[in-house]
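Listed below are the residues making up each chain.
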Amino acid sequence: MAAEAGPLDDGHLVEFAGMKVGSVLNKSVSKRMRWMAWSINPYRGCEFGCRYCYARYTHTFLAPKDGPGEGQPDFHDPEVFERKIFVKENAAWLLEQELRQLERQGRIAEEIALGTATDPWQPIERKLRVTRSLLEVLARRSGLRVGMVTKSALIARDIDLLEQIARKSTLVVHITITTPDVELARKLEPRAPRPDLRLATVRKLRDAGIWVGVLNSPLLPGITDGLAEMDRMARLASEHGACFFAANPLFLKPCSRPTYLSFVREHFPALEPEYARRFQDREFAETAYAARLSAMVTALCRKYHLNKRSMDSLLSSEVALKMPPGIAERDTAPGQARLFG
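Computed from a predicted model, the values in this text were never measured in an experiment. (Residues numbered from 1 in each chain as written. Predicted model: local features only at pLDDT ≥ 70, side-chain atom pairs only at ≥ 80, totals over all residues. Heavy atoms only, no water.)

1. Examining the packing of aromatic side chains
For any pair of aromatic rings, geometry is given as the distance between the ring centres together with the angle between the planes. This structure, assessed with the given rule, holds 6 aromatic pairs. Ring-pair connections join several aromatic residues into one group, and the members of that group are Tyr260, Phe263, Phe268, Tyr275 and Phe279. In this arrangement the basic side chain of Lys27 is found over the ring face of Trp38, its NZ or CZ atom lying 5.1 Å from the centre. Sitting above the plane of the Tyr57 ring, Lys253 keeps its charged end 5.3 Å from the centroid. (Phe/Tyr/Trp six-rings, centres within 6.5 Å; stacked < 30°, edge-to-face > 60°. Lys NZ or Arg CZ within 6 Å of the ring centre and 35° of its normal.)

This is the structure we're talking about:
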């Protein structure tokens, strides 16, 4: 598919190509995310270039067994993930057909996660509007359970459709803000919107009645995982009207390790030995460390009257059971505030 993808556009050191796909609604087979039945990623690859991105390995699936052909990129190169972006063609039509099939099977209420590997509102979306076309499909249906994740302020463009979805279905939006420090964010997430713009987007979505929270992830050892840094992030989330607050520790898959450790060597060289120790023979955080961070999140949620989202789901079971369609009623009553608690 990658070899047959035709050029669509060129950005700053980024190439875009149209990719013919057979499906946009992908069945989840993840052992870590068993709560998720389906995922949607309108784009393959992501312009934001986050140094810690765990999804870089997905480009390796496009690599031919006999190596890259003439003029083709090396999909095993982690940097290609942010330099060669594929756009899924006929996405809205495909989603319409797949949702109809789920309806016939009586499975329409299974959870759908939008933006699990690449950002649905990355810069090219402003022009191509693929994600918006998918939202139009979701807005015509009722009884869905949809969780969305983004770093982009561009999601505010689609508030009209998000309101329609929220009136008919369960919708929860996560705005990822790794750090409120603009200088650090620019080094860590070089082409993502500034953190203050993301916080402003939380406020816009909440003012529209959308159930939205802040995902302070990943927590970076020695950089953003301290109590002072997390406290600042939780306070800002509360001040901007977030419904809930969540944070997960950094994990380094082989595909993201070289890019992230290069960032550490350049900007935090004193931490390099600590990272070597932590991730020498593991990808995920140690159990005790993860438990300590979870306890800190719980305490901060209590301090700033934020709800704590389940760490392994985009929609908590409480939301599925208690949050009625029509969450866009701007209900901020105490009972509503306990949905994620």
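Moving on from the model shown.
2. A look at helix H2 (residues 91-104)
Here H2 contains 14 residues, and its C-alpha end-to-end distance of 20 Å stays within 8% of the 20 Å for a straight helix at 1.5 Å per residue. Every buried residue of H2 is accounted for by Ala91, Leu94, Leu95, Glu96, Glu98, Leu99 and Leu102. Residues of H2 that are buried in the fold lie against strand E4 (38-40), strand E6 (84-88), strand E7 (111-114) and helix H4 (130-139). Remark: Gly106 follows H2 within two positions and exhibits a positive phi of approximately 70 degrees. (Helix = DSSP H or I, 4+ residues; strand = E, 2+ residues; numbered from the N terminus. Expected span 1.5 Å × (residues − 1). Buried < 20%, exposed > 50% of the residue type's maximum accessible area, 1.4 Å probe, protein only. Contact = heavy atoms within 4.5 Å.)

3. Focus on empty space enclosed by the protein
If you walk through the whole model with that rule in mind, you get 1 cavity of 30 Å³ or more. Size it by volume and the largest cavity reaches roughly 30 Å³. Lining of the largest cavity is provided by Arg278, Phe279, Arg282, Phe284, Ala285 and Glu286. Its residues assigned to classes, the lining of the largest cavity comprises 3 nonpolar, no polar and 3 charged. (1 Å grid on protein atoms, 1.4 Å probe; cavity = no way out; pocket = protein on both sides within 12 Å on 5 of 7 lines; lining within 4 Å. Points joined across faces, edges and corners; volume = space filled by probe spheres on them. Nonpolar A, V, L, I, M, F, W, Y, C, P; charged D, E, K, R; others polar.)

4. Digging into the sheet that holds E4
In sheet architecture, strand pairing relies on hydrogen bonds along the backbone and comes in two forms, parallel and antiparallel. An order of E3-E4-E7-E8-E9-E10-E11-E12 is seen for the 8 strands of this open sheet, with the pairing classed as mixed. Of all strands in the sheet, those with a lone pairing partner are strand E3 (26-27) and strand E12 (307-308), marking the two edges. Contacts from helix H7 (residues 195-207) reach strand E9 (170-176) and strand E10 (212-215), with the element oriented near 165 degrees to E9. (Pairing = 2+ DSSP bridges. Axes fitted to C-alpha atoms, helices over the stretch in contact; angles between N-to-C directions.)

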